[in-house]
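Notes for the structure review
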Amino acid sequence: GNENSGRNPLILPEYACQRATCLKHFNHKFTKALEILQKHAELRDNERDSSRALAFRRASCVLKSLPFPLTSMSQLKNLTNIGDHCKRVIQEILEDGECREVNELQDDWFQKMVVFTNIFGIGSATAKKWIEKGWSTIKEAQEGYISSDWRVRWGLAFHTDLNTPVNLQEAQYIQQIVRKEAETILPGIILQITGGFRRGKEEGHDVDILMTHPEEGKEVGLLARLLQRLQNKGIILCGNLEKSTYSDEMLTLDSKLSAKGQLDHFEKWLGIIKIPHSCSENPAMDYSGSLSIISSCVHKGTGCSVDNSTCCTASEQPLNYQPLNLDESLDLESKAKKQKLGTENEISPMELAKLDRNWIARRVDLIVSPYDQYFYALVGWTGNKQFNRDIRTYAQRELGMKLSSHGLYDLNKNCALPARSEKEVFQNMKLQYIEPWERNC
Ligand code: ATP
Ligand code: MN
Ligand code: MN
């Protein structure tokens, strides 16, 4: 029973950043259906942000915030963001327990699109082409597709690994490795897991780690040195280091202006690392020994000829993470080891994936922020994506402010609003603080 459903119509604040949206809620039956409609719209419309998809998502997000299970259409009366299409779907589920349109959407095409777009580096355009070729399995793509994009080569080769969700223990294990190396390079570093794990999810598709240092400027050069150390330990499979493209105008200019459609301008590394299979059984154990044994072969990507800037597997661009001037003894030792092993040990990602191995590949994002932007970066990288969309729209429309992962800018007063904590980010926008686990929109 629920006492709340009698007290209707309920009024919820319009923006998701004004209310709590938790992983567990009362209306999964409806939100799952609406999110299938969202996914289908994203895959069908060839846009980055399909407006149809966003409408389904906003409606789903409202239902996630309802403090009771929906039992009657009248309970929706005063709620915004639920359009006619969504209402039809909700009504059908109320009456029949399911929605025919949603069932029919999940056809062969949809299922294949979901499988293909779950591959690292594959978007809906490529997935559609594969389906037009008649492909329906990962295996067909692995055997038939040659890509110049390192993400696709590794994403295809390690699809089974990367499609196995990362659990919390693995995330903590990865954080521990990164922290240990980063602290050696830069004592006093601040480092946090963000993304889904910070929002309380128990599993994720990757591990997002945000770093900074309280002394302004100390963080410069950290990421390259950190990556070199991880590479020397044999942990890195592949990845791409993006330089910071930030300049102060970014604070005031429109957030969607960036050429590549990137969401922010921080220095970051997106890549794939290996961790021991057993680390989730015993995350406290130090596996560095076993990792250096399993890392003693050098990997070579296949078909990498075109885009060298985004191609940097261990052997393709071993010196990508320069400049370096660190712990010489350790680095020289592991470099010597690699040289001794020589080129006869170079194998393709696909061959590497097929080896009998005691490690699993995991997607990792490493982001570095200057300290004065850190708490805005923390909100941005905690997400989720829908929460970010919403809080940014709120800032713009309701306050005339521009919010990004770099800061908050008052467009009327022409000034930036600094924040020394996440709570201050919310205070600056006249919002009640929303906990990370309440940002699962
Ligand atoms: P999952 O658990 O599946 O990884 P997630 O919420 O952690 O889900 P991510 O794609 O890892 O999803 O993104 C984490 C957060 O970081 C998101 O809220 C997103 O807004 C932000 N984000 C992701 N990629 C970028 C990027 N390239 N630039 C800026 N922000 C990003
Ligand atoms: Mn994530
Ligand atoms: Mn991520």
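This one's a predicted model, so the numbers in the text were calculated from it and none came from an experiment. (Residues numbered from 1 in each chain as written. Chains lettered and ligands numbered in written order. Predicted model: local features only at pLDDT ≥ 70, side-chain atom pairs only at ≥ 80, totals over all residues.)

What about the environment of leucine 10?
- Secondary-structure assignment places leucine 10 in the segment before helix H1 (28-44).
- On the neighbour-count criterion, leucine 10 (16 C-beta atoms within 10 Å) is partly exposed.
- In the structure, leucine 10 is positioned 106 residues away from phenylalanine 116 in sequence and 41 Å away in space, judged by C-alpha atoms.
- Excluding residues within four positions of it along the chain, leucine 10 makes contact with Leu66, Gln75 and Asn78. (Helix = DSSP H or I, 4+ residues; strand = E, 2+ residues; numbered from the N terminus. Buried ≥ 20, exposed ≤ 12 C-beta atoms within 10 Å, placed from the backbone. Contact = placed C-beta atoms within 7 Å.)

Section: helix H3 (residues 84-96)
- For H3, with 13 residues, the first-to-last C-alpha span of 18 Å sits near the 18 Å given by 1.5 Å per residue.
- Buried within H3 we find Cys86, Val89 and Ile90. Projected down its long axis, H3 carries its buried residues within an arc of 95 degrees, all on one side. Away from its buried face by more than 90 degrees, H3 exposes Asp84, Arg88, Glu95 and Asp96.
- One or two steps after H3, the chain reaches glycine 97, where phi turns positive at roughly 80 degrees. (Expected span 1.5 Å × (residues − 1). Arc of directions from axis to C-beta.)

Observations regarding the packing of H1 against H3
- Contact geometry of H1 with H3 gives a least axis separation of 10 Å together with a crossing angle of 140 degrees. Taken together, the axes of H1 and H3 are oblique relative to one another. Considering how the two elements wind past one another, H1 and H3 form a crossing that is right-handed. Contact residues: H1 offers Lys29, Phe30, Ala33, Leu34 and Leu37, while H3 offers Cys86, Val89, Ile90 and Ile93.
- For the contact of H1 with H3, the class distribution of residues is eight nonpolar, no polar and one charged. (Axes fitted to C-alpha atoms, helices over the stretch in contact; angles between N-to-C directions. Parallel < 35°, antiparallel > 145°, perpendicular 65-115°, else oblique. Left-handed = near helix turned anticlockwise from the far one by under 90°. Nonpolar A, V, L, I, M, F, W, Y, C, P; charged D, E, K, R; others polar.)

Regarding the UniProt feature "binding site: Mg(2+)" (unreviewed entry) in the chain
- Within this numbering scheme, the UniProt entry marks Asp206, Asp208 and Asp365 as carrying the feature "binding site: Mg(2+)" (unreviewed entry). A maximum C-alpha distance of 7.3 Å places the annotated residues, which cover 160 residues in sequence, within one compact spot.
- A residue is classified by how many C-beta atoms lie within 10 Å of it, and aspartate 208, with 23 of them, is buried.
- If near-sequence neighbours (up to four positions away) are discounted, aspartate 208 is found in contact with Ile193, Thr194, Gly195, Asp365 and Trp381.
- Within the secondary structure layout, aspartate 365 lies in strand E7 (residues 359-368).
- Setting aside chain neighbours within four positions, we find aspartate 365 in contact with Asp206, Asp208, Ile209, Lys268 and Leu270. (UniProt positions renumbered as here; feature names shortened; annotations may be inferred.)

Digging into the site of ligand 1
- Looking at ligand 1, there are 16 residues lining it, with Gly195, Gly196, Gly204, Leu263 and Gly383 nearest.
- Contributing elements (two or more residues each) for the shell around ligand 1: helix H11 (195-198), helix H16 (374-382) and helix H17 (385-399).
- Within the shell around ligand 1, the residues separate by chemical class into two nonpolar, nine polar and five charged.
- The residue makeup of the shell around ligand 1 includes at least three contributed by each of domain 3 (163-368) and domain 4 (380-438). (Near = placed C-beta within 6 Å. Domains from an automatic or database assignment.)

Focus on the sheet that holds strand E4 (residues 207-212)
- Spatial strand order, E2-E4-E7-E6-E5: five strands in an open sheet with mixed pairing. Each edge of the open sheet is held by one strand with a lone partner, namely strand E2 (190-193) and strand E5 (236-242). Recorded for the sheet is a direction-independent mean angle of 20 degrees between the axes of neighbouring strands.
- Helix H12 (residues 222-232) contacts E4, E5, strand E6 (267-276) and E7 of the sheet and is inclined by roughly 170 degrees relative to E5. (Pairing = 2+ DSSP bridges.)

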